[in-house]
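# Architecture at a glance
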Amino acid sequence: MTSASPWWSPHVHADRRPLLLQRGRIKAAMRGWFRSQDFLEVECGILQVSPGNEAHLHAFATERIFPDGTRQPLYLHTSPEFAAKKLLAAGEERIYSLGPVFRNRELGPRHACEFVMLEWYRARAPYEALMADCAELLARAAEAAGSHRFAHRGAESDPFAEPERVTVAEAFLEFAGIDLLATIAADGAADRDALAAQASATGIRIVFDDSWSDIFSRIISEKVEPKLGQGRPTILCEYPVVEAALARPKPDDPRVAERFELYCCGVELANGFGELTDPVEQRRRFNADMDEKERLYGERYPLDEDFLAALAIMPPASGIALGFDRLVMLATGAPRIDSVIWTPASE
C-alpha cells in the first residue's frame, strides 16, 4: 500500500471498503453471467507439478512431504490452465474458474504476487466467441460497479462500447512504424536482426543479447500498450506464432497465432487462445521456453507430462484468462490494484 499505515488500520480500511464492496458485486455479476451461459464453475488444484512453462513466468516453489518422509517438489499454480484443460479432455464442455493464482517477482500498481484470475473455456468454439464474451463481461462489471466508464491514471474507456479489433501487425505499424510481418518468415521463423534494425530506428533500446521476443516485448510495452483501450476497449489479435504460448497457428496464415489480448485504458486485462492441442508442438514450445528461462534466470520448471498426455485427447477449444483484480480496479477507478484486494500482501 502507498499509505504509511497498514491496510488493516481502521481508517485505511474505511477508505478501501466501498471499493471492496463493489468488488463483491462485480464477482457476483460475473458468476451470474456464466450461469446464464450454462458454464460450470470448477475448482482447480493450486498445488501443481509444473506452474507453467513460459520463460518470464516466475512461480512460488514448495514441497510435499508424504507420510513415509519422501518428498515431492510442487509449485503454487500461476494459472488454472493445465488443470482446466485436463477437465476438457475428461469431457467438460463449458467451464470457468474464479480463484487465486500466484506469480513471483511481481509488484507494482498493476501487479500483485497473489491475485484472482477469471479463466474460462469453450469446447468446440472459435476464439472469436471469447471476444464476444469479453464485451459482455466488461458491460456486466460496469453495471455491477455502478460505473459508466473505466478509468485509470487519466485514461478512460467505455465498457459498453463494442471493442475495436486490431492485429498486432497493424498496431506495430500504426504506433511504432514497424513492419512486424517483414521480420517473420512464411514458416513462422523470426528474424531477430531485422526486428532490431527497425526497432533501433524508432528509438527502442537494443542490447546485444536481446532475442527477437525481448525486442518484441519492449516495443509492445513502450510503443503499443499505452495506446490501446483508449476511449473504448481494444482486442489486440493475431500474435506472431513465435509468441503463441499455448495458442494454435491461424489456418490461413501460419506466421500468426489465434491469440488475442484485451485492453482498457492502456491496461492488459485478458489473454485468450484458440487452444493448441498438438502435444508434440506444445512440448517443443515448452522446452524452448525453458531453455530461454535457464539462459536468462538460471532455472527451469518441469513439464507436466499428464497435461501433455491430456492434450492428445482434448477437443478443439478456446480459452482465456482475465485478471479479475485489474477489472475491478478499472471499473471502480481505483488507483492501484492493492486498493481492491481485501488483504493485500505486504510490500
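Everything below is about the structure shown above.
Note that the structure is predicted; figures quoted are calculated from it, not measured.

### Remarks on helix 1 (residues 10–36)
The first and last C-alpha atoms of helix 1 sit 38 Å apart over 27 residues, in line with the 39 Å expected at 1.5 Å per residue. Residue Arg16 marks the point of greatest curvature in helix 1, where the axis turns by about 40°; the proline Pro18 follows within four residues. Listing the buried residues of helix 1 in full gives Val12, Arg16, Leu19, Leu20, Gln22, Arg23, Ile26, Ala29, Met30, Trp33 and Phe34. In this structure, the buried side of helix 1 is in contact with strand 5 (94–102), strand 6 (114–123), helix 3 (128–145) and helix 9 (324–332). Asp38 sits one or two positions beyond helix 1 and adopts a positive phi of about 65°.

### Side note on helix 2 (residues 81–90)
When you tally the buried positions in helix 2, you get 7 out of 10 residues, the bulk of the element. For helix 2, every residue scored as buried is listed here: Glu81, Phe82, Ala83, Ala84, Lys85, Leu88 and Ala89. Gly91 occupies a position one or two residues after helix 2 and carries a positive phi of about 125°.

### Here's the deal with the packing of aromatic side chains
The description of two aromatic rings rests on the distance between their centres and on the angle between their planes. Evaluated as defined, the whole model comprises 13 aromatic pairs. Ring centres of Trp33 and Phe34 lie 5.1 Å apart, and the angle between their planes is 80°; this geometry places the pair in the edge-to-face category. Phe34 shares its class with Trp33; the two are buried. Connected via pairs of aromatic rings, a cluster forms that spans Trp33, Phe34, Phe39, Tyr96 and Trp120. Geometry around Tyr239 places Arg259 over its ring, the cationic atom sitting 4.2 Å from the centre.

About the thresholds
- Residues numbered from 1 in each chain as written.
- Predicted model: local features only at pLDDT ≥ 70, side-chain atom pairs only at ≥ 80, totals over all residues.
- Heavy atoms only, no water.
- Helix = DSSP H or I, 4+ residues; strand = E, 2+ residues; numbered from the N terminus.
- Expected span 1.5 Å × (residues − 1).
- Bend = angle between axes of the 7 residues up to and from the residue.
- Buried < 20%, exposed > 50% of the residue type's maximum accessible area, 1.4 Å probe, protein only.
- Contact = heavy atoms within 4.5 Å.
- Phe/Tyr/Trp six-rings, centres within 6.5 Å; stacked < 30°, edge-to-face > 60°.
- Lys NZ or Arg CZ within 6 Å of the ring centre and 35° of its normal.

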